[in-house]
Amino acid sequence: VSALHSQIIRDDVFHPFYLVTPEKFKNVTNGIASRRWLMPSNPRLNQMICELIGDGFLRDFSQLTRLREFGRDEKILRRMAEIKKANKEDFARFLQEERGITVDPNTLFDVQVKRLHEYKRQHLNALHILHQYLWIKENPQAPFQPKTYIFGAKAAPGYYLAKQILKFICDLAVMIDNDPQVKGKLKVVFLEEYNVTLSEQLMPAAEISEQISLAGTEASGTGNMKLMINGAVTLGTLDGANVEIHEQVGDDNIVLFGLKTEEVNDLWRSGYRPLDYVHGDPELKAVMDLLMGGIGGMHFDDIVRSLTTNHKGPADPYMCLADFHDYVRAQRDVSAIYGDKARFNKMSLVNIAKAGFFSADRAVEEYAQNIWNMK
């Protein structure tokens, strides 16, 4: 379902079979129901696109690339920003009315929505939020891009550590809400009962799409595609379909960080020692010390052990601590980019324009032609 994992299957999982019958191994990067994630989910954006390039793209999403023609049109870029702001206000109103949660639509909406699992690394995101909390406490007068971090996820009933990570995020949110020194600068929201209906309201409001799984672990992902077609900019690793998103939008319209798949494999072979990263990075050590000391009276010893000294398997099996430093750098880059509204709006436009490749229409057509051999 993505080029990277098809290559892993060729190189590793079924390598002997690939050597015998290479012609049987083909990749079809999956896609999304693009009409659903644009027409009913984001009618303001859909109307603007129809006005600019006509409605032919709804039957041939490759036509979205024509939006690139408007990349220097300041009027169109401002209109896009106004649409995003209106969508954020709608979502903020929904959260207030339906969930009793107050968020500021003037802040940056940073979104990570996906199944809660260690390899998807929601805890890496939370560790960075904890780092930002400490930074604001130490630098209360310094400039800071206000951010709202939005999580949506469900954990398998028997997955103990996933539930600990969920608890970590929720307790982090309470601690931040109760600290007047960071109020207005940081906000964390965990969406209960996350489902497709809720997602259809969130995707049009999202500005940063967190796709931060360890390289080589995500088969594809489709949330990244739904967020992309709604104008969110990907912050991610070169994993799953992020690789194809990068190929589509180019270096200037995505924010990448972290180890690549071959680097992950090399690090395992040479011997990964996560505590070396803690001792070598004062920012990371401060975060781990706070986590070990407890948040809001709750202790997260199991998360700490899983990252540092896990006796049931390798410590930090998804290399959060190895990628932490570069993730902090990438988040700083995001803040700087977002501060340049013209640049961010252009990146958003490019992502929408290049999202046509990730339509299920294209994926099914590739199946029909290359696998089912339909005439």
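Above this text is the structure in question.
Residues numbered from 1 in each chain as written. Predicted model: local features only at pLDDT ≥ 70, side-chain atom pairs only at ≥ 80, totals over all residues. Heavy atoms only, no water.

1. Side note on the nonpolar core
- Ranked by internal contacts, the top residues of the largest apolar core, which has 61 residues, are Leu-127, Phe-168 and Leu-291.
- Considering every element that reaches this core, the biggest residue donor is helix H14 (residues 320-339), with 10 residues.
- With residues up to four places along the chain from it excluded, the contact list for Phe-168 reads His-123, Ala-126, Leu-127, Leu-130, Leu-291, Ile-295, Phe-300 and Ile-303. (Core = buried A, V, L, I, M, F, W, Y, C linked by side-chain atoms within 4.5 Å. Buried < 20%, exposed > 50% of the residue type's maximum accessible area, 1.4 Å probe, protein only. Helix = DSSP H or I, 4+ residues; strand = E, 2+ residues; numbered from the N terminus. Contact = heavy atoms within 4.5 Å.)

2. Structural notes on helix H5 (residues 122-138)
- Here H5 spans 25 Å end to end across 17 residues, near enough to the 24 Å set by a 1.5 Å rise per residue.
- The element H5 is extensively covered by neighbouring structure, given that 13 of its 17 residues are classed as buried. (Expected span 1.5 Å × (residues − 1).)

3. A few points about a nonpolar patch on the surface
- Nonpolar side chains collect at one region of the surface, where Val-364, Tyr-367, Ile-371, Trp-372 and Met-374 lie side by side and expose about 490 Å² of accessible area between them.
- Within the secondary structure, Ile-371 is located in the segment after helix H16 (360-370).
- Judged by its relative accessible area of 37%, Ile-371 falls in the partly exposed class. (Patch = residues over 30% accessible without salt bridge, like charges linked within 9 Å, V, L, I, M, F, W, Y side chains within 5 Å. Areas by Shrake-Rupley, 256 points an atom, 1.4 Å probe, with all protein chains shown as cover. Salt bridge = Lys/Arg side-chain N within 4 Å of Asp/Glu carboxyl O.)

4. Topic: the sheet that holds strand S2 (residues 147-152)
- The six strands lie next to each other as S3-S2-S1-S4-S5-S6, forming an open sheet whose pairing is parallel. If you trace the sheet from one side to the other, it starts and ends with strand S3 (186-191) and strand S6 (255-256), each paired once.
- By the bridge criterion, four bridges tie strand S4 (residues 208-211) to strand S5 (residues 233-236) in an arrangement that is parallel. Bridged to Ser-209 within S5 is Thr-234. (Pairing = 2+ DSSP bridges.)

5. Here's the deal with helix H3 (residues 43-53)
- Within H3, the full set of buried residues consists of Leu-45, Asn-46, Met-48, Ile-49 and Ile-53. Projected down its long axis, H3 carries its buried residues within an arc of 160°, all on one side.
- Turning to H3, the residues buried within the fold contact helix H4 (74-99), helix H8 (223-229) and helix H15 (341-353).
- Phi for Gly-54, located one or two positions after H3, is positive at around 85°. (Arc of directions from axis to C-beta.)

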